[in-house]
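If you want the building blocks of each chain, they are given just below.
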Number of protein chains: 2
Amino acid sequence: MDAIDLSLVELLRNNARLSYAELARQVGLSAPAVHERVGKLEASGVLRAYRADVAPEAIGLGVTALIGIVEDSGADTDDVLEAFRAMPEIESCYFMAGVESFLLKARVGTIAELERLIVRLNRTPGVASTRTGIALSTKWENRPQPVTPPAG
Amino acid sequence: MDAIDLSLVELLRNNARLSYAELARQVGLSAPAVHERVGKLEASGVLRAYRADVAPEAIGLGVTALIGIVEDSGADTDDVLEAFRAMPEIESCYFMAGVESFLLKARVGTIAELERLIVRLNRTPGVASTRTGIALSTKWENRPQPVTPPAG
DNA sequence: GGCTCAGGTCGATCGCGTCCACGGACTGTG
DNA sequence: CACAGTCCGTGGACGCGATCGACCTGAGCC
């Protein structure tokens, strides 16, 4: 991970569809060299995926909720996690410090679907309680921050 | 937004670097037709960006926090929002229903940086209080859910 | 010095991106 | 019904990009 690798990562974070030729121009190497570097970054797990950022409402996911989960004492955290993983509405899952073991970000189409999701969560073995907050609007999401900007 | 557009969106959500030729094969159209459709999806705001998904620890962002913000009574929400926007550590910003007006997802390199961020947030005009939860681990994030899966 | 390896460039080949002309289905109109 | 216009697609052409292999160079090490 030298400076050129960081540049490549930053460029791809801002536009994952840049061609190797364009990346090469930006970092001052040849296209094959960039191709090899990007391949290594993918293989080493630094670059995990390339995703289109889609307007959620356009694909019928107009409701965003953030849900805190309190586990039962003695719950098997791995089992709870697997249950969450099986619910596609749960887009993100963080294991948290604090009373609430998990914080989930879920997207659904309607409030009725959110209700059903919450019922399912509360029924999940190991889940003691849930606390749901509704996002009225998403101001921004997954904004890539410049890599190592405030190095001073 | 017909079924083919949805397929294209879904394909690009899972791999934003697919070539037009490959997309064309997958949806059964010619490459120019796909090119035009994708262009229209971008122009209409359905496809907002293409981003590489990067392992945060690899670029020095090992600490993830979720921060709830309570506004002062009489605060100017737009000003608060602009102050947040100027902080690159804040990767996501949701405007919430409830006592806490905002929920922020922030990523920093160290706990010390998180402390400085929280101090800055508390000093921001319009912010009455903050409540920070630390993510011990990110189980997954921004998992794309299949478009219109449970149509039945 | 000479080996070896990592990591680059260069050149060639093949497939892809992209522009353009063309064509069929649908629609509204005389 | 004939006609024209529009939308949306296909196919061909051409230049650029992706990708492979051969070769070059500098660093580290006997």
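Predicted model, so just to flag it, every value in this text is computed and none were measured.

1. Overview of the protein's contact with DNA strand C
So, step 1. The full set close to DNA strand C counts 13 residues, and A:Ser30, A:Arg37, B:Tyr20, B:Ala21 and B:His35 are the nearest of them.
So, step 2. The sugar-phosphate portion of DNA strand C accounts for 83% of its atoms within 4 Å of the protein, the bases making up the rest.
So, step 3. A:Arg37 places a polar side-chain atom, nitrogen or oxygen, 2.6 Å from a phosphate oxygen of DNA strand C.
So, step 4. A distance of 3.4 Å separates a phosphate oxygen of DNA strand C from a polar atom in the side chain of B:Arg25.

2. Remarks on the domain arrangement of chain A
So, step 1. Entries for chain A in the domain assignment read domain 1 (3-43) and domain 2 (56-135).
So, step 2. Each of domain 1 of chain A and domain 2 of chain A was reduced to a C-alpha centroid, and the two centroids are 36 Å apart.

3. Considering the protein's contact with DNA strand D
So, step 1. A:Tyr20, A:Ala21, A:His35, B:Ser30 and B:Arg37 are the nearest of the 13 residues found near DNA strand D.
So, step 2. For DNA strand D, the backbone portion of the atoms within 4 Å of the protein, that is sugar and phosphate, comes to 83%.
So, step 3. Contacts to DNA strand D include A:Ala21, whose backbone N or O atom sits 2.7 Å from a phosphate oxygen.
So, step 4. Between DNA strand D and A:His35 there is a distance of 2.6 Å, counted from a phosphate oxygen to a side-chain nitrogen or oxygen.
So, step 5. Residue assignment for the surface near DNA strand D shows that the elements contributing at least two residues are α2 (20-27) and α3 (31-43) of chain A together with α3 (31-43) of chain B.
So, step 6. Residue contributions to the surface near DNA strand D peak at four residues, all from α3(B).

4. A few points about the relation of the copies chain B and chain A
So, step 1. Screw-axis analysis of chain B against chain A gives a translation of 0.0 Å along the axis, an RMSD of 0.0 Å, and a rotation angle of 180 degrees. Both copies are brought into coincidence by an operation consistent with a two-fold rotation axis.

5. A look at the pattern of salt bridges
So, step 1. As enumerated under the stated definition, the model contains 24 salt bridges over all chains in all.
So, step 2. When the shortest N-O distance is used, the salt bridge between A:Glu141 and A:Arg107 registers 3.1 Å. One end of the pair, A:Glu141, is in the segment after β5 (127-140); the other, A:Arg107, is in strand β4 (residues 102-108), and 34 residues separate them in sequence.
So, step 3. A relative accessible area of 17% means that A:Glu141 is categorised as buried.
So, step 4. Note that B:Glu141 and B:Lys105 form a salt bridge whose closest N and O atoms lie 2.7 Å from each other. One end of the pair, B:Glu141, is in the segment after β5 (127-140); the other, B:Lys105, is in strand β4 (residues 102-108), and 36 residues separate them in sequence. Here B:Glu141 and B:Lys105 have matching classes, each one buried.
So, step 5. Here the salt bridges share partners, and the residues they tie into one network are A:Glu91, A:Lys105, A:Arg107 and A:Glu141.

6. Here's the deal with the nonpolar core
So, step 1. Residues A:Val38, A:Leu47, A:Tyr50, B:Val38, B:Leu47 and B:Tyr50 are the most contacted members of the largest nonpolar core, which totals 39 residues.
So, step 2. When residues of this core are traced back to their parent elements, those giving at least two are α1 (3-14), α2, α3 and β1 (47-54) of chain A together with α1 (3-14), α2 (20-27), α3 and β1 (47-54) of chain B.
So, step 3. Not counting chain neighbours up to four residues away, the residues in contact with A:Val38 comprise A:Leu8, A:Leu12, A:Tyr20, A:Leu23, A:Leu47 and A:Tyr50.

7. Section: the interface of chain B and chain A
So, step 1. Contacts between chain B and chain A engage 61 residues on the former and 61 residues on the latter.
So, step 2. Both faces combined, the contact of chain B with chain A buries some 6,000 Å², and carbon together with sulfur accounts for 53% of it.
So, step 3. On the chain B side of the contact with chain A, B:Arg17, B:Arg51 and B:Trp140 bury the most area, a combined 14% of that side's loss.
So, step 4. The interface formed by chain B and chain A includes two salt bridges.
So, step 5. Across the salt bridge formed by B:Arg48 and A:Asp53, the nearest N and O atoms sit 3.1 Å from each other.
So, step 6. Along the contact surface separating chain B from chain A lie 52 residue pairs in polar contact (both at pLDDT 80 or more).
So, step 7. Of all the secondary structure elements, the ones that give two or more residues to the side of chain B that touches chain A are α1, β1, β2 (63-71), α4 (77-85), β3 (90-96), β4 and β5 of chain B.
So, step 8. Looking at which element gives the most residues to the side of chain B that touches chain A, the answer is β5(B), with nine residues.
So, step 9. Looking at the side of chain B that touches chain A, its residues break down into 37 nonpolar, ten polar and 14 charged.

8. Remarks on the UniProt feature "domain: HTH asnC-type" (unreviewed entry) in chain A
So, step 1. Those places that UniProt annotates as "domain: HTH asnC-type" (unreviewed entry) correspond, in this numbering, to residues 1-62 of chain A.
So, step 2. Taken end to end, residues 1-62 of chain A comprises 53% helix and 13% strand; its first and last C-alpha atoms sit 39 Å apart.

9. Here we look at the environment of B:Ala106
Residue and element names in this part refer to chain B.
So, step 1. Position of Ala106 among the secondary structure elements: in strand β4.
So, step 2. Distance from Ala106 to Ala86, taken between C-alpha atoms, is 13 Å for residues 20 residues apart in sequence.
So, step 3. When neighbours within four sequence positions are excluded, Ala106 is seen to be in contact with Val63, Thr64, Ala65, Ile67, Glu89, Ile90, Glu91 and Leu117.

About the criteria used
Residues numbered from 1 in each chain as written. Chains lettered and ligands numbered in written order. Predicted model: local features only at pLDDT ≥ 70, side-chain atom pairs only at ≥ 80, totals over all residues. Heavy atoms only, no water. Near = heavy atom within 4 Å. Polar contact = N/O pair within 3.5 Å; in protein donor to acceptor, adjacent residues only side chain to side chain. Domains from an automatic or database assignment. Helix = DSSP H or I, 4+ residues; strand = E, 2+ residues; numbered from the N terminus. Least-squares fit on C-alpha atoms with pLDDT ≥ 70 in both. Salt bridge = Lys/Arg side-chain N within 4 Å of Asp/Glu carboxyl O. Buried < 20%, exposed > 50% of the residue type's maximum accessible area, 1.4 Å probe, protein only. Core = buried A, V, L, I, M, F, W, Y, C linked by side-chain atoms within 4.5 Å. Contact = heavy atoms within 4.5 Å. Buried area = accessible area lost by both parts, 1.4 Å probe. Nonpolar A, V, L, I, M, F, W, Y, C, P; charged D, E, K, R; others polar. UniProt positions renumbered as here; feature names shortened; annotations may be inferred.

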